[in-house]
Each structure stands twice: as structure tokens, then as C-alpha cells.
Amino acid sequence: MTNQRPDPDQLLAQVQAEEAQEKHGSLKIFFGYAAGVGKTYSMLANAQQAKSNGREVVVGYVEPHGRPDTEALLEGLEALPVKEVQYRAVALQEFDVDAALVRHPDLLLVDELAHTNAEGCRHAKRWQDVEELLEAGINVWTTLNVQHIDSLNDVIGQITGITVRETVPDRVFDMASDLELIDITPEELLVRLQAGKVYIPEQAQRAMQRFFQKPNLTALRELSLRQAARRIHSDVESARREKAALQPWATNERLLVCVGPSPTTARVIRTAKRMAAALDAPWLAVSVDRMAETGNEPANQQIAQHFRLAERLGAETVTLAGQNMAATILEYARSRNVTKILIGKTAETRWKRLLLGTVVDDVLENSGDIDVYVIHGEKEETPTVPTTTPPTPLQRGPYVVSSLIVAVTGLLAATSRTLHLADTEANTVMLFLAAVAYVAYRFGRGPATLASILAVMIFDFFFVPPFYTFTVADVRYVVTFGVMLAIGLAISTLTSRLKSMVERTRQREQRTAAQYELGKLLTSLYGNVFLVSAAGEKIAEMIGGEVAIYLDQPSGPPEIAFGHRGPIVRHPVSLSAAQWVIGHDEIAGAGTNTLPNATALFLPLTGSQRTLGAIAVKVLDVERLLDPDQRRLLESCANQLGLALERDQLAIEASEARIEAETEQLRSSLLSGVSHDLKTPLAAIAGASSSLLESTSLDDETRRQLLETVAEEAARLNRLLENILQMSKLDAGVATPHKQWHVLEEIVGSALHRTRRELQNYSVNVNLSDGIPLIFVDGLLMEQVLVNLLENASRYTPHGTQISVTAAVDNQSLRLAVADNGPGLPPGAEERIFEKFYRASPTADAGRGSGLGLAICRAIVKAHGGNIIARNRPDGGAEFIVKLPLAKDAPEVVVE
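Predicted model only: the values in this text are computed from it and were never measured. (Residues numbered from 1 in each chain as written. Predicted model: local features only at pLDDT ≥ 70, side-chain atom pairs only at ≥ 80, totals over all residues. Heavy atoms only, no water.)

## Description of the overall build of the protein
- Along its length, the protein carries 27 helices and 25 strands.
- Residue burial in the protein is summarised as follows: out of 896 residues, 41% are buried.
- Taking the contacts inside the protein whose residues are at least 6 apart along the sequence as the reference set, 70% of them involve residues at least 24 apart.
- Carbon together with sulfur atoms contributes 55% to the accessible area of the protein, which is approximately 47,400 Å² in total. (Helix = DSSP H or I, 4+ residues; strand = E, 2+ residues; numbered from the N terminus. Buried < 20%, exposed > 50% of the residue type's maximum accessible area, 1.4 Å probe, protein only. Contact = heavy atoms within 4.5 Å. Areas by Shrake-Rupley, 256 points an atom, 1.4 Å probe, with all protein chains shown as cover.)

## Quick notes on the packing of helix α25 (residues 744-754) against helix α26 (residues 779-796)
- Interhelical geometry of α25 versus α26 gives an angle of 50° and a closest axis separation of 9 Å. What the angle tells us is that α25 and α26 run oblique. Relative to α26, α25 is oriented so that their crossing is right-handed. Contacts between α25 and α26 involve I747, V748, S750, A751, L752 and R754 from the former and G779, M782, E783, Q784, L786, V787 and L790 from the latter. (Axes fitted to C-alpha atoms, helices over the stretch in contact; angles between N-to-C directions. Parallel < 35°, antiparallel > 145°, perpendicular 65-115°, else oblique. Left-handed = near helix turned anticlockwise from the far one by under 90°.)

## Concerning the sheet that holds strand β7 (residues 139-145)
- With parallel pairing, six strands are arranged side by side in an open sheet as β3-β2-β6-β7-β1-β8. Every other strand in the sheet has two partners, leaving β3 (78-79) and β8 (178-181) as the edge strands with one partner each.
- In the sheet, strand β1 (residues 27-32) pairs with β8 via four bridges, with the strands oriented parallel. Of the residues in β8, the one forming a bridge with I29 is L179.
- This element, helix α2 (residues 39-52), spans β1, β2 (57-61), β6 (107-110), β7 and β8 of the sheet and lies at about 160° to β7.
- Helix α5 (residues 126-135) contacts β1, β2, β6 and β7 of the sheet and is inclined by roughly 175° relative to β6. (Pairing = 2+ DSSP bridges.)

## Overview of the pattern of salt bridges
- Scanning all chains against the criterion turns up 27 salt bridges.
- Of the charged contacts in the structure, one is a salt bridge between K28 and D178, with a shortest N-O distance of 3.8 Å. With a gap of 150 residues between them, K28 in strand β1 and D178 in strand β8 connect regions that are remote in the sequence.
- For D178, a relative accessible area of 34% gives the class partly exposed. (Salt bridge = Lys/Arg side-chain N within 4 Å of Asp/Glu carboxyl O.)

## Brief notes about unusual backbone geometry
- A positive phi is found at N337, a non-glycine position, where the angle reads about 60°.
- Position of N337 relative to the elements: it lies in the loop between α13 (325-335) and β12 (340-346).
- Given the relative accessible area of 0%, N337 is considered buried.
- Backbone geometry places Q812, a non-glycine residue, at a positive phi of 65°.
- Counting through the fold element by element, Q812 comes out in the loop between β22 (802-809) and β23 (813-820).

## Quick notes on the sheet that holds strand β24 (residues 867-872)
- Strand order in the open sheet formed by five strands is β20-β22-β23-β25-β24, and the pairing between neighbours is mixed. Every other strand in the sheet has two partners, leaving β20 (763-768) and β24 as the edge strands with one partner each. Each neighbouring strand pair of the sheet contributes to a mean axis angle of 15°, computed without reference to strand direction.
- As paired elements, β20 and β22 share six bridges and run parallel to each other. Residue V764 lies in a different strand from β22, and its bridge partner there is I803.
- Against the sheet, α25 contacts β20, β22 and β23, and its axis sits at roughly 170° relative to β20.

## Things to note about a positive patch on the surface
- Residues R267, R270, R274 and R312 make up a contiguous surface patch of positive charge.
- The element best represented in the positive patch is helix α11 (residues 264-279), accounting for three residues.
- Here R267 lies in helix α11. (Patch = residues over 30% accessible without salt bridge, like charges linked within 9 Å, V, L, I, M, F, W, Y side chains within 5 Å. Lys, Arg positive; Asp, Glu negative; His and termini not counted. Charge placed at Lys NZ, Arg CZ, Asp CG, Glu CD.)

## Some points on helix α20 (residues 528-543)
- The terminal C-alpha atoms of α20 lie 22 Å apart, and with 16 residues this matches the ideal 22 Å at 1.5 Å per residue to within 8%.
- If you check which residues of α20 are buried, you get L531, V532, A534, A535, G536, K538, I539, A540 and I543.
- Two residues or fewer after α20 comes G544, characterised by a positive phi angle close to 65°. (Expected span 1.5 Å × (residues − 1).)

## Things to note about a nonpolar patch on the surface
- Together, I453, M457 and F470 make up a nonpolar patch on the protein surface, roughly 270 Å² of accessible area in all.
- Within the secondary structure, I453 is located in helix α18 (residues 445-463).

## So, helix α22 (residues 574-584)
- S574, A577, A578, V581 and I582 are the residues of α22 that are buried. Looking straight down α22, one finds its buried side chains confined to an arc of 130°; they lie on one side.
- Each element contacted by the buried residues of α22 is listed here: β14 (546-551), α21 (567-570), β16 (588-589), β17 (601-606) and β18 (611-618).
- After α22 finishes, the residue D585 shows a positive phi value of roughly 55°. (Arc of directions from axis to C-beta.)

## Notes on the packing of aromatic side chains
- One pass over the structure, following the stated rule, counts nine aromatic pairs.
- Taking 5.2 Å as the distance between ring centres and 50° as the angle between the ring planes, the aromatic pair formed by F31 and F173 counts as tilted. Placement of the pair is F31 in strand β1 and F173 in helix α7 (residues 170-174), with a sequence separation of 142 residues.
- Among the residues examined, F31 registers a relative accessible area of 0% and is labelled buried. (Phe/Tyr/Trp six-rings, centres within 6.5 Å; stacked < 30°, edge-to-face > 60°.)

## Topic: the pairing of strand β9 (residues 255-258)
- Neither face of β9 is exposed, since L255 and V257 on one face and L256 and C258 on the opposite face are all buried.
- In the sheet, β9 pairs with strand β10 (residues 283-289) via four bridges, with the strands oriented parallel. By the bridge assignment for β10, C258 is matched with V286.
- What joins β9 to β10 is α11, and the crossover it makes is right-handed. (Right-handed = clockwise from strand over helix to strand, strands pointing away.)

## Concerning the environment of V439
- Mapped onto the elements, V439 comes out in helix α17 (residues 425-443).
- Under the relative-accessibility criterion, V439 is labelled buried at 0%.
- As a C-alpha pair, V439 and V401 span 38 residues in sequence and 8.7 Å in three-dimensional space.
- Excluding anything up to four places from it in sequence, V439 contacts S402, I405, G444, P447, A448 and A451.

## Here's the deal with the confidence of the model for the protein
- Within the protein, residue pLDDT values average 80, and 83% of them lie at 70 or more.
- Of the regions scoring below 50 in pLDDT, residues 380-394 engages in five contacts with residues more than four places distant in sequence or in other chains.
- Counting interchain partners and residues more than four positions distant, the pLDDT-below-50 stretch residues 842-847 has eight contacts. (pLDDT = per-residue confidence, 0-100.)

## Comments concerning the pairing of β22
- Here seven bridges tie β22 to β23, and the two strands are oriented antiparallel to one another. Its bridge partner being in β23, T806 is matched across the sheet by A817.
- What sits between β22 and β23 in their antiparallel hairpin is a turn of three residues, with N811 showing a positive phi close to 55°.

## Side note on the packing of α26 against helix α27 (residues 853-863)
- Orientation of α26 relative to α27, taken along the N-to-C sense of each, is 150°, at an axis distance of 9 Å. With respect to each other, α26 and α27 are oriented roughly antiparallel. In this structure, α26 crosses over α27, and the sense of that crossing is left-handed. In this structure, α26 uses L781, M782, Q784, V785, N788, L789 and N792 to contact α27, whose residues at the interface are G853, L854, I856, C857, I860 and V861.
- Considered class by class, the residues forming the contact of α26 with α27 number nine nonpolar, four polar and no charged. (Nonpolar A, V, L, I, M, F, W, Y, C, P; charged D, E, K, R; others polar.)

## Concerning the environment of C258
- Examined against the element boundaries, C258 turns out to sit in strand β9.
- Residue class for C258 comes out buried when judged on its relative accessible area of 9%.
- Between the C-alpha atom of C258 and that of L342, which follows or precedes it by 84 residues, the distance is 6.4 Å.
- Other than its neighbours up to four places away in sequence, C258 contacts T265, V286, I329, I341, L342 and I343.

Here is the structure:
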């Protein structure tokens, strides 16, 4: 009878989960496949219903997108004030998580879970705000589209051709206690777009030309339905575990086929494949390892062949450990919610079935609500070839030693009886049983069986009257002999089984440790060359053989990345085998039905998206590769390497994409930031020059002013272009300083001369301390730093105020400062002003800068090994401080 008691570990986990849920807020996601399907509308409609039922509902942040129906549902709901964040002189409205924590309502509405918060908010993403709310015990309702799920990002990009930047981790999606799918047909959504119910007409037209195309919407809808179905299946499994239901819930079919060494198994596997295809159901191929004594290699090889057949047909293969095969299979079937079990039945005699029983009968008797299909097969379907090889002397050795151990035990027993140390028959029997147990532990079941028989015979011959004969005077000794033999055989069986289990456990522990070491090694390395080399050496050490690794190439044959000089790559079939494995994502080579003439076994290096290469493994004994555990170890190592290579490739692609995005952003910023600065001086030059050409009545003073305007604007344009070129050189790393010894006064004087027009309306105070040594710098670059700082001060400082330039020696470094009496720096902008194209103030004068000057200053100063900072002065204004290291061997200045 099947044990119906629930698993205590599952009950404990359930109790712990319930306790954690009591302290944690619940999350409900209104889920859709695109904007406009009605997620926010449904969330607000449900919120109004919840409020009417007496629940405390507060709107944390909702984006109505100008939709009247959505705005109407906001009426009557308490709303938290939004948080205004200044970003590049623009006031952005964001969700105020601190206000929500202080208010702490029962239910909070937070729209757009995937939203990216503006700089200055506590969290970078809104889903992080929601996590903090949930941890505080606040229940949250939110909205999400399928394209924002992180694991689907690449799939969405392939379908739509658009990379979605705002994503939500899968764990956040999975931790939602409730998921409500909001779904309409793509045709209905397109009608809503055209009617202006989603976006304004101009945006709607652009959306329908790009993202909102009907094929895209259909694919996105399918993905959202699949995600919802997957979530429902997880909820069903959770509910089944909560009820401790041991019987499966047949919400969907799942098949399990029992795999053994019987020739009938192949027929059962093919039947299961046909049935799974007809039912469109997943199926499992399961074998039970009884941890018996090793040595039944023909049976293990037959099971390995059956597993390869099942894998080739698409099954998930599993090896279970247990003594009772039927109970182990049924327990696993119930844990996986299996609805149908297929098992083979080989023809056997009736007396054997009645006497010993069969696994089929046990499965049928205890299957409960699981359907069992018994596939009949003939015993003679595949005849086995008997082994006639005589045992070697090494194989006879354990039997000889076990016989000697029993003989020595007999001498010890006789000596003990002579000395009256163990003069009872019970003590003598215990000595022989101890000898049998030792033999079983040391040599296994066969020698232990022989030891049990010899122990009974010696006990009868030497210790049971009449002595020195096998004749038994007392019939009761026959029972003693039988019990002694049975206990000896039982001890030998259990001890050898325990030894086998220990050995199997040790082997599995070694395999697990090897996989862990390989995984740890791969996670610490980057680059295909290092990953492949480390993995190849580790796997070769693990299997005690030779390894070659091939990597797929976009065009041409696979590249040999490891094992270039080994015998594997020299074999003429190896390259073709690797190419076939990469193309078909299947195992091939030695020991398989595909390319069996290859000298190695080839396994695919499979990532999450594609096959990246193949690994070839060669050992002296090819039969080792047929062992299921060995095969599973190799497949695990290949998968780890494949995922590591894919991770490295994705990291490179992400880096390239980031660089490309930054380049595009830089280009856009350059065009937007420089277009006005280029246009303004060109317009002034064009206006002044056209006036000079077209007008003949201009006096000398007016003509001179127009020419000065042309010269000034040309100089301004020249400085702008110099800044752009200088920044591009610094970014490319080609602007290396050409350092020479310079006098600081000369650099400051030259910079003041170049900026004399900009500084003509200011009082400039220069204070350079005495004793400043020669500085080892690039004079032109350091002059550019001062020019940029002085121009920056002139833009942000009112006319008539003072601009000061000071310099002094400060602890083996030069401290050079430019200060003004202007409005100072905005709070928090002390570092951002050194970013490209950042402007601290949108004033008219400041707007004429390109936003590159201070970025160039920092790049030049860092190239000299120094640092530049900005800060507000206590008495008003801003101060820029440049610190440069002073050389210890500076030559002295000779004044004549």
C-alpha cells in the first residue's frame, strides 16, 4: 500500500512561506502584450471596486497618457503627490517612494513597473521601488507589458527589430501573487490606435509603422499568453503541493516511460514517443539504479543505449536511486505530476511471477490515479551473447582469500573453545558471521556467498557432534545451519550493497565536485581562449583522456580552439563530425549511431540560444563513454562550457552595443549642442560680411566694428572647433602630452592674452606665489585648460565682477585655481559639470558654450597625472582647482 503521508519537508517549506507572506506585501500585475490593451484602465476599475468594498486604496503613480476614460477612473481615489526631479534643466515627475512608505496604505497603485527613474531618485528602476514597498508590507498593484520581461528581451528584439531598454527581472515577475491578463485582439488594438485612444494621431501613425505592426502584435500576444499559461501551471503545482496531493492533477498530460535492460524497452520508448506526440505532452525516460554491486556491465550498456534512443526521440532522461523500483518510480511520477506510465512486460513463467513478483505488478497495484500502460514484449526479441571468457587468476583471488579467512576463523573458534573463551555454539556462530561480514565488505557478494557456505560446513564438521563428519545427530542443528546460512547470505548481500552504495556515492561526489570546480573556474575567466583552454585541461584531467574543442565560425569550417596537436584533430573524420554536431545540436562519434567510425565522442556546446561549438572526448576504453553517469557528466561539462562561451560573447556584444549607444548619444548630443554654437557665429559673420559688401555708405567706424565682429565670431568659431577636435583626440587616446619644462607665469600670461576680449568687462586678479618651480607639462594643453576655465568664468559671471587666478605650491603639488563671483554651481552639479555637453545654467550667455570645455580640462589634467575639482566659494561664486604633481628634479630658474 502506498504511503499517503505528506512530505514533512514540503509542509515545513509551506509553513515558512506562509509566515514570510504574512510580513510581506502582495503583488498583483495587470499583464498585457502592448500599450493600449487596457492594463491601467483595468487596474483603476478594479481599484474603484476594491474601494467600494471598503479597502484602503491610494494612487502612488498612474500615467493616464491623456486618455479621458482612464483619467475618469482616477476621480475619487486618493493620490500621493508626485516627486519633481530636475534633470538637465527639465523638471521630471516621478513616483515618491518615501511618501508612500510614510502613508503606508493597504493597497497602492504604481503604474509602469518597468519604468526607469530619473537620476536623483533612490532607486534606478521602479520595480526596485515596488520591492521596497512589498518588504514594508504594502500591497501593490502594477502594470507590465510582455516585452519588458528580461528573459524575453532578445526574442522581442528579433521579432520587432527594436531593442527594449527597460526590463524587469524574471524573479520580480514570478514573485507576483496574482497575475491578471488583459487581452484584446491585434485588430481591435490597431482600431484603438487609429481612433487616437492610445496615442495622439502623429504618434499613433509612427507607432503603427514601427512597433505596432500586426505581425509584431500577434507574436507579442502569443508570448503574453504563453507567459500567463506558464504562470497558471506554476500556480496549479503550488496548489497541489499546498494540499499535499500525492495523486497527479491531470491539468495537462505528462508521460513517464520505465527504462531497463530488457529488449522490450526500445519498443516501449517508441510507443511513448508516439503517444506523447499525439497528446502534445512532455515525456520522461526513467531508470532506477538499485545501487547493487557493480559488474553488470551488459545491463548498464543496454540501459545506456535505451537512454540514447529516448534522448534522440526527445525525452528527458532521469536516473533515480532506490531499492524498491516500483515505489521509486511512483514517488517520482507523483512529484512530476505524471498522468501516464508506460512499462514493458517480458514473457516470464507463471511460477516465477507468483514466487518473486514483478515490477509491473507492483506498479499496477500502487499506481492509484495514474494510468499504467503495459507494453508486451518477447523475451527472445534480442538474444544475448553469453560470455565464455574464463575467470582470470585475479578474479579467483578473492575466493581463495575468503576461503582462507573462513579457515582461520575456524582455527580461532577451535582455540577459543579449547581455552574456554568462547565455548558455546552461539559464540562460534558469531565468529563465523563476523568473518562473512568482513569478506562481504572486502571482496563483495560472490566471495561472501562462498564464505557463508564454507562457514556452515566447517561449523558442522568441526563443532557439531558427531565431530569430523557432516552427519548430524540432532535434527535441530539443521535449523541452525539453515538460519546461519541465511543470515550469512543476508549479511553478505547487505554489506556488499552498502559497499556499492558508498562507492557510487563517492563517484557521484567526485563528479559533483569536478563539475563545481569547472563551473567556478569558468565563472572566473573571460575570453574564448582562456575559457576553452581552462575547460579543455580540466575535462581532460577529469576523464583521464584526450580532449579537443571546436568553435563555430560565421563562415567556413569550425575552428580548432583546443587540442591542436592531439590525435583527435588529425583523424580525417573529426572535422566533419564536429561540423555535423554543431549543425544538428546532437551527440555523434564513437559509441553512437552517427559517424561511429570517429575516434572520439563529439558533444555540442549548447548555449541558451544556439550551439557555439563541439567538444571531442577520446579515452582508451570506448565503453566508458557509454556509461550513463559518464555521459551525463560530459554533457554537463559541455553545457557549462557552452553557457560560459555564450556569456562571454553576450558580454562582448553588450559592451559593443553600449559603446555604439554611447557613440550615438555622443553624436546626437554633439549635433544638438554644437548646432546652435556653430550657427550663431556663422550668422554673425554672414551678416557683417554681407553688410560690408552690399553697403557703400558705411563710415570708417561702422566698417571697423563690422570687421571686429567678423574677427571675434571667427575666433569664437575657431575655439569651438578646437574644443571639438581636442575632445575627439582625447577620447581616441591620441592626444598624448608632449611635456617640457615651462614657467607657469608664461602659461598664465598667454592664456590671459588669448581671452582678453572675453575678460575685457571683468576685473582680473592674478596672484602667483613666489618660489613656484618650473613645471613639467605640455604648455599648449595646460594653456588650453586655463583658457577654457577663464572663458567659462566669463560666461557665468556678471560684468564688472572679479575673476581671480591664483597659484601656489601645496605639498609637492601645484595648486592652480580660477575663481569668480558669479551665482555659483547648482547643488549636486560639482561632478556633472565635467560631463560632455552638460551645462549648469541655461542662461543666454552660458548657452553659447558647447559643453565641452570643462570635460576637456579634466581629460588634459588627468593626462598629466593631476586632478581638477569644482566647488562653491563660501562668500559666493564658483572655484575650479587644478592640482598637478611637481617633479622633484625641476631645474632652477636663472634670472639675469
